[in-house]
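Structural description and commentary
Next come the chains, spelled out residue by residue.
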Amino acid sequence: MYGRFCTVEEYIDAPPRAVYDYLCEVRHLNEYTYSTRDFEPVAGKPGLYVGRDTLISDDTRIYLSYRTNAEALTVDMHCAWDQGDDLWMIYLYRVVDAQVVLGKPGSVVLWTNCRHPYYDKNPNPELAPSPERPWVGDFWNLFYAGHFLELQNLKKILEFRHGGGSAGDA
């Protein structure tokens with residue numbers, strides 16, 4: 001329905017560094033996403049986390065690794081359902097200084113997901129908790145709507161915190 005790419009974008013009235021720092025923190029996924037929860041480091045695999053994706057059921061494991069660049073304000077989240085060896089679901093976040101592109105303080109967030117071929121067919125169906133569980137790619141037509149709502153959550157959280165409503169992480 002959306003082709004090979006799904007991009008959402010938003011202006012956030014918060015400093016670019018604050019937005020970047022927030023996105024770099026794995027525990028914040030519990031706050032702004034609808035379905036990813038409870039990430040913990042994977043023992044013996046530095047930089048790899050495992051959590052739950054409750055999109056369908058609580059027993060879907062999702063693995064995650066961050067690739068970040070503080071100078072460029074980029075956060076790339078490499079993920080996969082059920083296994084942590086081939087993180088093919090890539091979420092690309094770009095934080096842009098709104099002063100440069102819009103002439104006002106704040107940030108522009110560009111969030112893109114690319115349609116990897118594995119969205120069409122689970123490469124490891126034997127690792128699914130149940131053969132009846134739908135596959136993440138079955139929901140590609142909902143990615144824009146879901147990510148748009150999550151980006152609105154991100155916006156509200158960061159604007160609230162940047163606006164002085166919170167002395168620290170709530």
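Sheet architecture is open: seven strands sit in the order β1-β7-β6-β5-β4-β3-β2, paired in antiparallel fashion. This sheet does not close on itself; its edge strands, each paired only once, are β1 (5–12) and β2 (36–41). When the angles between neighbouring strand axes are averaged without regard to direction, this sheet yields 25°. Looking at chain direction, strand β6 (residues 89–97) and strand β7 (residues 107–114) are connected through seven bridges and run antiparallel. Directly across from D97, in β7, lies its bridge partner S107. Of the strands in this sheet, β1, β4 (61–69), β5 (74–81), β6 and β7 touch helix α1 (residues 16–23), which is tilted by about 160° from β6.

This part takes up helix α4 (residues 143–162). Here α4 contains 20 residues, and its C-alpha end-to-end distance of 28 Å stays within 8% of the 28 Å for a straight helix at 1.5 Å per residue. Every buried residue of α4 is accounted for by F143, H147, E150, L151, Q152, L154, K155, I157, L158 and R161. At its buried positions, α4 is contacted by β1, α1, α2 (29–32), β6 and β7.

What follows concerns α1. Within the sequence span of α1, burial applies to P16, V19, Y20, Y22 and L23. Here the buried residues of α1 occupy an arc of 165° about the axis, which is enough to place them on one side.

Calculation notes
Residues numbered from 1 in each chain as written. Predicted model: local features only at pLDDT ≥ 70, side-chain atom pairs only at ≥ 80, totals over all residues. Heavy atoms only, no water. Pairing = 2+ DSSP bridges. Helix = DSSP H or I, 4+ residues; strand = E, 2+ residues; numbered from the N terminus. Axes fitted to C-alpha atoms, helices over the stretch in contact; angles between N-to-C directions. Contact = heavy atoms within 4.5 Å. Expected span 1.5 Å × (residues − 1). Buried < 20%, exposed > 50% of the residue type's maximum accessible area, 1.4 Å probe, protein only. Arc of directions from axis to C-beta.

Everything listed here is a matter of coordinates, which is why it stays silent on function.
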